[in-house]
Structures are given as structure tokens and as C-alpha cells.
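# Structural overview for review
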Amino acid sequence: MTFPNRFLGRNGPAVSAIGLGCMGMSDFYGPSVRTDALQTIDRALEAGITLLDTGDFYGMGDNEMLLAEALQGTGKNKRDRAFIQVKFGAQRGPDGAFLGTDARPAAVKTALAYSLKRLKTDYVDLYMTGLDPTVPIEETIGAMADLVEQGYVRHIGISNLDAAIIRRAHATHPITALQYEYSVISRDMEAEILPLCRELGIGITAYGVLGRGLLTGSTGAGETDWRSKILPRFQGENLEANRKLVAVLQDFARQEGLSPAQAAIAWVASQGEDIIPLVGARTLARLEEAIASPLKLPAGILARMEKALPTDQVQGSRLMSLRR
Ligand SMILES: NC(=O)c1ccc[n+]([C@@H]2O[C@H](COP(=O)([O-])OP(=O)(O)OC[C@H]3O[C@@H](n4cnc5c(N)ncnc54)[C@H](OP(=O)(O)O)[C@@H]3O)[C@@H](O)[C@H]2O)c1
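In the annotation of an unreviewed UniProt entry, the protein is listed under the name Aldo/keto reductase and assigned to Thalassospira marina.

The structure is reproduced here in C-alpha cells:
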């Protein structure tokens, strides 16, 4: 089956117009069922959703092994159908604790070597770094550029960087995509980052399109769900206030004949052909809803949605706070 494509960045590759965010299948959002996750990835590929987003630190390698099983498991050879986007750099202990970031050149190459083994592949389509404040971005991107030249990486991406660093990264080697949180309730990217990416021809893979589940009723509670532990929007009075947004979105979506998730996905997808919403679906039902989302809503509907969900009504920072 085919799914509409978009180009990732001005000169970048064609990928599916929405991507599958695989993180929650291994980590952070409470228990996940492996067979559901595998079926979801299978179905995404069958439906033409090629962009699969992972990170080497999602489940400390587990998420990459899951992808390998979905793509290269017994009797399967689906590697060529997928566009695998891998983030690296976050350091984690055996208990899962975040220990910092390592994006020194040797660490970049070591991380990629291990990712290739876990993914059972010999190349990554898009390799993506966050910021290691102890390493000039030029050194990190320079090491990634070596990997491009050697054929292990096809495109370079960056995640959650500020404007000045984005410019420096792009001056070192063309950056294909920036990953950044973007949704109707998280719009800070619009001030500086999005215009800069458009100027430089960098595509966006947007995460948190459903507000990390906040917009669709997840409370982030539960022992293995990190949201209530590290995301201020999922905590205490903030959560209580933010829960009101769920009903607002439900009402709005119902009037438009959409589900709340579809309205949230469609809002992001409507912001530009250079933006690819990632959807954190981990079951077939969630994925099918995303597949059926419109990718372009009329301006009047978008404006009504923004009015119904003003960003200043959202309580708490979208950024994680690792202090416990
Ligand atoms: N670069 C970064 O810093 C960064 C940060 C976060 C995420 N990411 C990437 O972006 C991807 C997507 O982000 P995300 O998972 O945080 O955000 P998300 O898609 O905004 O939220 C995922 C949540 O939405 C729920 N959901 C998914 N589909 C739904 C549907 N059709 N109806 C109702 N609820 C639905 C999920 O429910 P269930 O819990 O029921 O499954 C889950 O709780 C991740 O998988 C990861 O690959 C990157």
C-alpha cells in the first residue's frame, strides 16, 4: 500500500507523511505488549508508513532490537521498506537512570556501531544527535559526517537544539531534519526554530503531537510510566488543570467528525509539508486511527482548534525535569 509522502528537508529523502514513534513500545510510558508492538510496526510498513523513529537509549537498546525483529525477524526482509531514524547520545545506567550525554566523536562512532548490530542492518537512514554541552557541535557533526562518507549513515539529524547551535551544525554538514516537540499545545518552536529550519531547508520530525498523551487522556500514572515522574504537565495541580483540555479536544474533534488523536495529528500535519508528525502508537487500533487522520485541515478549522486550546491554558513546562 502507499501512504502520502513528504520530503524531509529541502533536499532530503521522501518519507511517509507521518512517522511511527517507537519509544513507548520499550520505555517510559508504562507496560507495552511486545506482540502488539511488532504487529503495529508490521502494519505501519504495510500501510506505507516508512519513517520509524527510535533511539539507542529507548529501553537501553531494546527498542532497536524490537525494530530488528519487526524488520529482519525469521522469514522477514523488510529493511528496505523502512526509513530508520535513530537518536543517540543519552547515557543511562542499568536501572534506567539518565546519566548525561556523550556526543564526543569516538562515542558517536561507537554508538552507531552498536546500533547497527542491534538493528541487524549495515546502515541507518537518519542518525540524530542531541546536544552534549561539553563537546563543540562541530566535532559531533564532523564524526557523523565521517559515518555518512563511509556509508553507515545516509542523513544527519539533530534533536532539541537551539537556533545558534542549529546554524553551527548545518554549517558543518547539511542537516536533513530536526526533531522537536510540536503540537497545538506546544508551539514554542514557531518563534525562532521553525523559521530558521525553513530558511536552512531542514525538515522537522515532530514529537509529542498528542502532547505525549496528555491531549488524549493519558495520565502518565503507574510505576513504569515516567510521565508523572518527570514531566511537569503530568504532575499534581498541573495535571488536574490540563485534564480539562481532553474534554475540549473531544468536543472539538467530534464536531469535525474526527477522533481527538486525529484532530491533534492533523493540526501538526497541516502546519507545513516540511513537518512530519511522529505518532506514539503502540497498538493496531491506535495506529489505524493515525493512518486515517487527515493531513490537511482547512484554515478555519485550524483557527477554531487553536482558539479552543490556547497554549496559555496549558499548565506546566513541556520540558522534562529529571530531578526527583
Ligand atoms: N527527541 C525527543 O526528545 C523525543 C521525546 C519524546 C518522544 N520522541 C519520539 O517521538 C515519538 C512520539 O512521541 P510521544 O510518544 O511522546 O508522543 P505522542 O504521540 O504525543 O503520545 C503518545 C501517547 O499518546 C497515546 N496515543 C497514541 N495514539 C493514540 C490514539 N490514536 N488515540 C489516543 N491516544 C493515543 C499513547 O497511548 P498509549 O499509552 O495507550 O499507547 C501514548 O500515551 C516517540 O515514540 C519517540 O520516538 C522524541
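And the narrative resumes.
This model, assessed by the stated rule, comprises 24 salt bridges. We note a salt bridge from R6 to E273, for which the minimum N-O separation is 3.8 Å. Highlighted residues: R6 in strand β1 (residues 5–7) and E273 in the loop between α9 (260–269) and β12 (275–279), separated in sequence by 267 residues. Since its relative accessible area comes to 54%, E273 is described here as exposed. The closest approach of N and O atoms between E181 and R318, which form a salt bridge, is 3.4 Å. Linking E181 in strand β10 (residues 177–181) with R318 in the segment after α11 (299–308), this pair joins segments that are 137 residues apart in sequence. This pair shows no difference in class: E181 is buried, exactly as R318 is.

Here the focus is the UniProt feature "domain: NADP-dependent oxidoreductase" (unreviewed entry) in the protein. Within the UniProt annotation, "domain: NADP-dependent oxidoreductase" (unreviewed entry) is assigned to residues 18–299. Between the end C-alpha atoms of residues 18–299 the distance is 20 Å, and the span holds 40% helix and 17% strand.

Our next topic: the site of the ligand. What surrounds the ligand is a group of 27 residues, the closest being Y29, D53, L210, G280 and R282. Within the contact set of the ligand, an oxygen atom lies 2.5 Å away from a side-chain nitrogen or oxygen of D53. Within the side chain of N160, one N or O atom sits 2.9 Å away from an oxygen atom of the ligand. Starting from 910 Å² of accessible surface for the ligand in isolation, the protein chains cover 91%. Here the shell around the ligand is composed, by residue class, of 10 nonpolar, 10 polar and 7 charged.

In this section: helix α8 (residues 236–256). An ideal rise of 1.5 Å per residue puts 30 Å on 21 residues; α8 measures up with 32 Å between its terminal C-alpha atoms. Within the sequence span of α8, burial applies to L239, N242, L245, V246, L249, F252 and A253. Each buried residue of α8 sits inside an arc of 145° when the element is viewed along its axis, so together they form one side. Among the exposed residues of α8, those oriented more than 90 degrees off its buried face are E237, E240, K244, R254 and Q255.

Let's shift gears to the packing of aromatic side chains. Inspection of every chain in the model, using the stated rule, returns 7 aromatic pairs. With a centroid separation of 5.2 Å and an interplanar angle of 90°, the aromatic rings of F28 and W226 are classed as edge-to-face. On the criterion of sequence distance, the pair formed by F28 in the loop between β3 (19–21) and α1 (34–46) and W226 in the loop between β11 (203–207) and α7 (227–230) is long-range, its members being 198 residues apart. Through successive ring pairs, a cluster of aromatic residues spans F28, F57, Y58, F98 and W226. Sitting over the face of the ring of Y123, R79 holds its NZ or CZ atom 4.0 Å from the ring centroid.

Conventions adopted
Residues numbered from 1 in each chain as written. Predicted model: local features only at pLDDT ≥ 70, side-chain atom pairs only at ≥ 80, totals over all residues. Heavy atoms only, no water. Salt bridge = Lys/Arg side-chain N within 4 Å of Asp/Glu carboxyl O. Helix = DSSP H or I, 4+ residues; strand = E, 2+ residues; numbered from the N terminus. Buried < 20%, exposed > 50% of the residue type's maximum accessible area, 1.4 Å probe, protein only. UniProt positions renumbered as here; feature names shortened; annotations may be inferred. Near = heavy atom within 4 Å. Polar contact = N/O pair within 3.5 Å; in protein donor to acceptor, adjacent residues only side chain to side chain. Areas by Shrake-Rupley, 256 points an atom, 1.4 Å probe, with all protein chains shown as cover. Nonpolar A, V, L, I, M, F, W, Y, C, P; charged D, E, K, R; others polar. Expected span 1.5 Å × (residues − 1). Arc of directions from axis to C-beta. Phe/Tyr/Trp six-rings, centres within 6.5 Å; stacked < 30°, edge-to-face > 60°. Lys NZ or Arg CZ within 6 Å of the ring centre and 35° of its normal.

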